[in-house]
Amino acid sequence: MIESLLVANRGEIARRIIRTAKRLGIRAIAVYSEADADLPFVAEADEAVLIGPPNPALSYRNTEAILAAAKSTGAQAIHPGYGFLSENAEFARTVEASGLIWVGPDADAITAMGDKINARNLMAAAGVPVAPGTTDPAADLNAAVSAAAEIGYPVMVKAAAGGGGMGMGVAVDEAALRTEYDKVRAFAERMFGDGSVLIERYFPRVRHVEVQILGLADGRVVALGERECSVQRRNQKLVEESPSPAVSPELRARLLAAAVRAGEAVDYRNAGTVECLFDPTTEDFFFLEMNTRLQVEHPVTEYVYGIDLVEEQLRVASGLAPTLDPDALTPRGHAMEMRINAEDPKRFLPGPGVIRTWVEPTGEGVRVDSGYTEGNTVTPFYDSLLAKLIITGATRAEVLDRARDAVAAFQIEGPKNNVPFFAELLENEEFRSGVYDTAIVSRMR
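Because the structure is predicted, anything quoted here is derived from the model rather than measured. (Residues numbered from 1 in each chain as written. Predicted model: local features only at pLDDT ≥ 70, side-chain atom pairs only at ≥ 80, totals over all residues. Heavy atoms only, no water.)

Novice: So what about the side chain of T357? Which residues, and what values?
Specialist: Residue position: T357 is located in strand 16 (residues 357-359). The exposure class assigned to T357 is buried, which follows from its relative accessible area of 17%. Leave out the neighbours within four places in its chain, and T357 touches E374, Q411, I412 and E413. (Helix = DSSP H or I, 4+ residues; strand = E, 2+ residues; numbered from the N terminus. Buried < 20%, exposed > 50% of the residue type's maximum accessible area, 1.4 Å probe, protein only. Contact = heavy atoms within 4.5 Å.)

Novice: Any details on the pairing of strand 1 (residues 4-7)? Residues and values, ideally.
Specialist: Every second residue of strand 1 is oriented toward a common face, with S4 and L6 on one face and L5 and V7 on the other, all of them buried. Examined bridge by bridge, strand 1 and strand 2 (residues 27-33) share 4 bridges and lie parallel to one another. By the bridge assignment for strand 2, S4 is matched with R27. Regarding the hand of the β-α-β motif, the stretch spanning strand 1, helix 1 (residues 11-23) and strand 2 is right-handed. As paired strands, strand 1 and strand 4 (residues 77-79) are joined by 3 bridges and run parallel to one another. Following the sheet pairing, V7 is matched in strand 4 by H79. (Pairing = 2+ DSSP bridges. Right-handed = clockwise from strand over helix to strand, strands pointing away.)

Novice: Give me the lowdown on the pairing of strand 7 (residues 168-171), citing residues and values where you can.
Specialist: Burial of strand 7 is one-sided: the residues G169 and A171 facing one way are buried, the residues M168 and V170 facing the other way are not. Two elements, strand 6 (residues 155-159) and strand 7, share 4 bridges in a ladder whose sense is antiparallel. Opposite K158, over in strand 7, you have M168 as the bridge partner.

Novice: Hey, could you go over the nonpolar core for me, with residue numbers and the actual values?
Specialist: Formed by 94 residues in total, the largest nonpolar core has its most connected members in L6, I78, V231 and F431. Setting aside chain neighbours within four positions, we find I78 in contact with L5, L6, A8, I66, L67, A70, F91, V95, L100, I101, W102 and V103. (Core = buried A, V, L, I, M, F, W, Y, C linked by side-chain atoms within 4.5 Å.)

Novice: Can you explain the environment of L39? Please cite residues and give values.
Specialist: Looking at where L39 falls in the secondary structure, it is placed in the loop between strand 2 and helix 2 (40-44). When the C-alpha atoms of L39 and R332 are compared, they prove to be 34 Å apart, with 293 residues separating the residues in sequence. With near-sequence residues (within four places) excluded, L39 lies in contact with R10, G371, Y372 and N376.

Novice: Quick rundown of the packing of aromatic side chains? Include the residues and the values.
Specialist: On inspection of all chains with the given rule, the structure shows 11 aromatic pairs. Ring centres of F91 and W102 lie 5.6 Å apart, and the angle between their planes is 85°; this geometry places the pair in the edge-to-face category. With F91 in helix 4 (residues 89-97) and W102 in strand 5 (residues 101-102), this residue pair connects regions lying 11 residues apart in the sequence. For the pair F91 and W102, a shared accessibility class is recorded, and that class is buried. Aromatic rings pair up to connect Y60, F84, F381 and Y382 into one cluster. Taking NZ or CZ as reference, R207 lies 4.5 Å from the ring centre of Y436, over its face. One Lys or Arg, R396, reaches over the ring of F431 and ends 5.2 Å from the middle of that ring. (Phe/Tyr/Trp six-rings, centres within 6.5 Å; stacked < 30°, edge-to-face > 60°. Lys NZ or Arg CZ within 6 Å of the ring centre and 35° of its normal.)

Novice: How would you sum up the sheet that holds strand 7? Please name residues and give values.
Specialist: If you trace the 3 strands from one edge of the open sheet to the other, you get 7-6-8, paired in antiparallel fashion. At either end of the open sheet lies a strand with only one pairing partner, and these are strand 7 and strand 8 (197-201). Here the average twist between neighbouring strands, direction ignored, is 25°. Where strand 6 meets strand 8, 5 bridges bridge the pair, whose relative direction is antiparallel. Note that in strand 8 the partner of M156 across the bridge is E200. (Axes fitted to C-alpha atoms, helices over the stretch in contact; angles between N-to-C directions.)

Novice: Before we move on, can you summarise the pattern of salt bridges with the specific residues and values?
Specialist: A full pass over the atoms with the stated rule returns 42 salt bridges. One salt bridge in this structure joins D401 and R404, with 3.6 Å as the shortest N-O distance. Here D401 and its partner R404 are both found in helix 12 (residues 396-409), 3 residues apart, which amounts to about one turn of the helix. Exposure remark for R404: the relative accessible area of 30% places this residue in the partly exposed category. (Salt bridge = Lys/Arg side-chain N within 4 Å of Asp/Glu carboxyl O.)

Novice: Please set out helix 3 (residues 63-73) residue by residue, giving values where relevant.
Specialist: Of all the positions in helix 3, only A65, I66, L67, A69, A70 and T73 are classed as buried. Each element contacted by the buried residues of helix 3 is listed here: strand 1, strand 2, strand 3 (47-52), strand 4 and helix 4. Its side-chain oxygen at 3.2 Å from the backbone nitrogen of E64, N62 defines the N-terminal cap of helix 3. Of the residues trailing helix 3, G74 is marked for its positive phi of about 70°. (Polar contact = N/O pair within 3.5 Å; in protein donor to acceptor, adjacent residues only side chain to side chain.)

Novice: Can you tell me about the environment of G306, naming the residues and giving the values?
Specialist: Tracing the chain through its elements places G306 in the loop between helix 10 (298-305) and helix 11 (309-317). When the C-alpha positions of G306 and A75 are compared, they lie 29 Å apart, and in sequence the two are 231 residues distant. Setting aside its immediate chain neighbours within four residues, G306 contacts T301 and R332.

Novice: Outline unusual backbone geometry, listing residues and values.
Specialist: A cis amide bond links Y153 with the next residue in sequence, P154, at an omega value of 0°. Mapped onto the elements of the fold, P154 is located in the loop between helix 7 (141-151) and strand 6. Despite not being glycine, F84 shows a phi value in the positive range, around 45°. Following the sequence through the fold, F84 ends up in the loop between strand 4 and helix 4. Located in the positive-phi region is N270, a residue other than glycine, with phi close to 80°. Mapped onto the fold, N270 is located in strand 12 (residues 270-279).

Written as structure tokens, this is what we have:
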């Protein structure tokens, strides 16, 4: 097993990884920016290194500073968490070229899945269903218009190098496409350094379902069930649950088999997620993208399968067998995660500030993975995620009841936060029924 681990991230995910590392007797090393010096993950690490100012480009995305910290502390491995450099193939290559262990999929898999058009084509060749769309980037606006006419409106205009719900727009006709194409292309060039755009069929009433995969050290790829991720704002997730209330046993078998084929197509190792769009009326599903990293919502899978995904990642990276039995994966119970963000609960606009009060809920089936505590300052430099409220139970009904009590008990004063939104959601009959789709938040607003 790895003996020392540098966590190249911050906030709740850094704290989460550090917790597992220390439980396994691994020396945990944190890196932090000047803005994060007082956050819990820094104090909880065995060692912490300041790597730069608040600007992520000069700290958490600064390859040289992170590698220098690894060298100075004698780190043996690097875990990137999610976001920042977690899906940067060049960073992964540089880490390994420096003689360090990369806790994640190899750079070739990251590269293959990082370009959405290339990923679509690979998945289609592997027999994974893909939505109607372009097999090459739309070179210009005329090409986009021609592609959309062939696919049929409405269409999704997507940045080929995008991710996390960013760089996407919907066009219901040619006039809208002309606007969205220019907007998405400009955003993609600015944010990802790649203006390539693809056009896909847009499905107005669908669910977003994903499958957790784990590529083992012996070369096998296993699927650890599905997660429902349809409660979203601006194409970004707010709630995840497992199992999905919309997935039948027959559909689950097809989804998991397709996800395994997706992983096998790129010789996948370590944790990853195959995201799909699912039409509940036809039970057809389509590949959306593969996230070549640990997901924010991984705790719901951990509960349902009784594992620690970070530990499994570390075992794969160490060349060890998993703690789970790949031939006897049996899910149990139900789990739900709510992302507690520093944003107002109506328009979901960021709301940084000093946390004057922070009281986490407790009780049976309640877990809080937090990045902050009372007295900390939520700055505007990073993602607005404050904590993840994870609720577990024997049934979905039990989880909904526990979630209602936990949300009512979660007290945060200072920065704006979306806890009131979850209180509203948990009373929403559409959500409680389990028959909802990706437009549920817009209907609530």
